[in-house]
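# Close look at the chain arrangement
Below are the chains, spelled out letter by letter.
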Amino acid sequence: MPKMKTHQGAAGRFVARKNGKLKRRRAGHNHFLEKKSTRQRRRLNKEIDVTSSDEKKLKRLLGER
């Protein structure tokens, strides 16, 4: 059976933490930042965990199974 390859698009967007959860960047932080308030820009800076429903699919894309 051939080796499972890592999906490079997913590898650039998600990182596995030591506890096994995946972290991601928030959407909407690439352009039109001048129109967004300071509070909104600071909220977008923080990285958060991926939802548990998507985690199984993403781990398979990253080759962690």
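Quick notes on the rules
Residues numbered from 1 in each chain as written. Predicted model: local features only at pLDDT ≥ 70, side-chain atom pairs only at ≥ 80, totals over all residues. Heavy atoms only, no water. Helix = DSSP H or I, 4+ residues; strand = E, 2+ residues; numbered from the N terminus. Buried < 20%, exposed > 50% of the residue type's maximum accessible area, 1.4 Å probe, protein only. Contact = heavy atoms within 4.5 Å. Arc of directions from axis to C-beta. Core = buried A, V, L, I, M, F, W, Y, C linked by side-chain atoms within 4.5 Å. Pairing = 2+ DSSP bridges. Axes fitted to C-alpha atoms, helices over the stretch in contact; angles between N-to-C directions.

### Brief notes about the side chain of Glu55
By the element assignment, Glu55 lies in helix H3 (residues 52–62). Residue classification places Glu55 among the buried positions, given a relative accessible area of 15%. What Glu55 contacts, discounting residues up to four positions off in sequence, is Gly20, Lys21, Leu22 and Val50.

### A short note on H3
For H3, the full list of buried residues reads Glu55, Leu58 and Leu62. Down the axis of H3, the buried set is contained in an arc of 80 degrees. They therefore lie on one face. Opposite its buried face, H3 presents the exposed residues Ser53, Lys56 and Lys57, each directed more than 90 degrees away. Buried-residue contacts for H3 involve helix H1 (8–13), strand S1 (14–16) and strand S2 (22–24). Backbone geometry just downstream of H3 places Gly63 in the positive-phi region, at approximately 80 degrees.

### A word on the environment of His31
Structurally, His31 can be placed in the loop between S2 and helix H2 (38–45). Considered as a pair, His31 and Glu55 are 24 residues apart in the sequence and their alpha carbons are 27 Å apart.

### Examining the nonpolar core
The biggest cluster of nonpolar side chains holds six residues, and these are Ala10, Phe14, Leu22, Val50, Leu58 and Leu62. Sequence-distant contacts of Leu58, that is, excluding residues within four places in its chain, are made with Phe14, Leu22 and Val50.

### Describing the sheet that holds S2
Taken in spatial order, the three strands of this open sheet run S1-S2-S3, and their pairing is antiparallel. If you trace the sheet from one side to the other, it starts and ends with S1 and strand S3 (48–49), each paired once. Pairing between S1 and S2: three bridges, direction antiparallel. Within S2, the residue paired with Ala16 across the bridge is Leu22. Set on the sheet, H3 makes contact with S1 and S2; between it and S2 the angle comes to about 95 degrees.

Purely geometric stuff here, so don't read any function into it on its own.
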